[in-house]
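The chain contents come next:
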Amino acid sequence: MPLHTDETEAQFEARWWQLMNEMRTRFGKKPDLNALLLLIGVQELGQGAGPFTKEQKQDLMHIATCRLFSLSGHYALDHVDEDGWPHYRLVRPVPFANLKEQERMLKWHMLEYFDAFMKEEE
């Protein structure tokens, strides 16, 4: 269940910039959304940092997107194939949104993902 459903826009932005600062500290530079998707995909795959082909990087970003939207019930893990790659199935469509709304949804899901991930590390 999502943790921050009633936060203000200012609280959301503060959480986002806190995450960006943590990522900058950890990796030496501020990642963009694609870099975060790749990072989440690699984490979900659980096979280490690569090297990955361009196609595999696209697949990792797809895994990340599905995993993120599983937090709000849009996708569910279907199975893991013989190579260890997770496959998701669409449970219910992600609502249509303009580009700005899509970016905000993605950021919100990333914040929820990293919040849960950081709690697991504690």
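All values derive from a computational prediction rather than experimental measurement.

Caption draft 1: Expanded view of the packing of aromatic side chains. One pass over the full model with this rule turns up one aromatic pair. Their ring planes at 90° and their centres at 5.4 Å tell us that Tyr-113 and Phe-114 sit as a pair that is edge-to-face. Grouping residues by exposure puts Tyr-113 and Phe-114 together as buried. Of note, Arg-104 hangs over the ring of Phe-12, and the distance from its end group to the ring centre comes to 3.8 Å.

Caption draft 2: Region of interest: the side chain of His-74. When you line up the elements, His-74 lands in the loop between helix H3 (54–70) and strand E1 (75–80). For His-74, the side chain forms a polar contact with the main-chain oxygen of Pro-93, separated by 3.1 Å. When sequence neighbours within four positions are dropped, the list of residues in contact with His-74 reads Phe-69, Arg-89, Leu-90, Val-91, Arg-92, Pro-93, Val-94 and Pro-95.

Caption draft 3: Spotlight on the environment of Ser-72. Summarising the element assignment, Ser-72 is placed in the loop between H3 and E1. Look at Ser-72 and you get buried, because its relative accessible area is 18%. Each C-alpha atom, one on Ser-72 and one on Val-94, is 9.3 Å from the other, the two residues being 22 residues apart in sequence.

Caption draft 4: Quick peek at the pattern of salt bridges. In the structure shown here, the tally under the stated rule is seven salt bridges. Close ionic contact of Glu-112 with Arg-15 constitutes a salt bridge, the shortest N to O distance being 3.1 Å. Of this pair, Glu-112 sits in helix H4 (residues 99–121) while Arg-15 is found in helix H1 (residues 9–27), placing the two residues 97 residues apart along the sequence. The class for Arg-15 is buried, based on a relative accessible area of 12%. For the salt bridge of Asp-78 with Arg-89, the shortest nitrogen-to-oxygen distance reads 3.9 Å. Residue Asp-78 is found in strand E1, and its partner Arg-89 is found in strand E2 (residues 86–90); the two are separated by eleven residues along the sequence. For Asp-78, a relative accessible area of 44% corresponds to the partly exposed category. Within this structure, Glu-7, Arg-15, Glu-112 and Asp-115 form a network of salt bridges that share partners.

What counts as what
- Residues numbered from 1 in each chain as written.
- Predicted model: local features only at pLDDT ≥ 70, side-chain atom pairs only at ≥ 80, totals over all residues.
- Heavy atoms only, no water.
- Phe/Tyr/Trp six-rings, centres within 6.5 Å; stacked < 30°, edge-to-face > 60°.
- Buried < 20%, exposed > 50% of the residue type's maximum accessible area, 1.4 Å probe, protein only.
- Lys NZ or Arg CZ within 6 Å of the ring centre and 35° of its normal.
- Helix = DSSP H or I, 4+ residues; strand = E, 2+ residues; numbered from the N terminus.
- Polar contact = N/O pair within 3.5 Å; in protein donor to acceptor, adjacent residues only side chain to side chain.
- Contact = heavy atoms within 4.5 Å.
- Salt bridge = Lys/Arg side-chain N within 4 Å of Asp/Glu carboxyl O.

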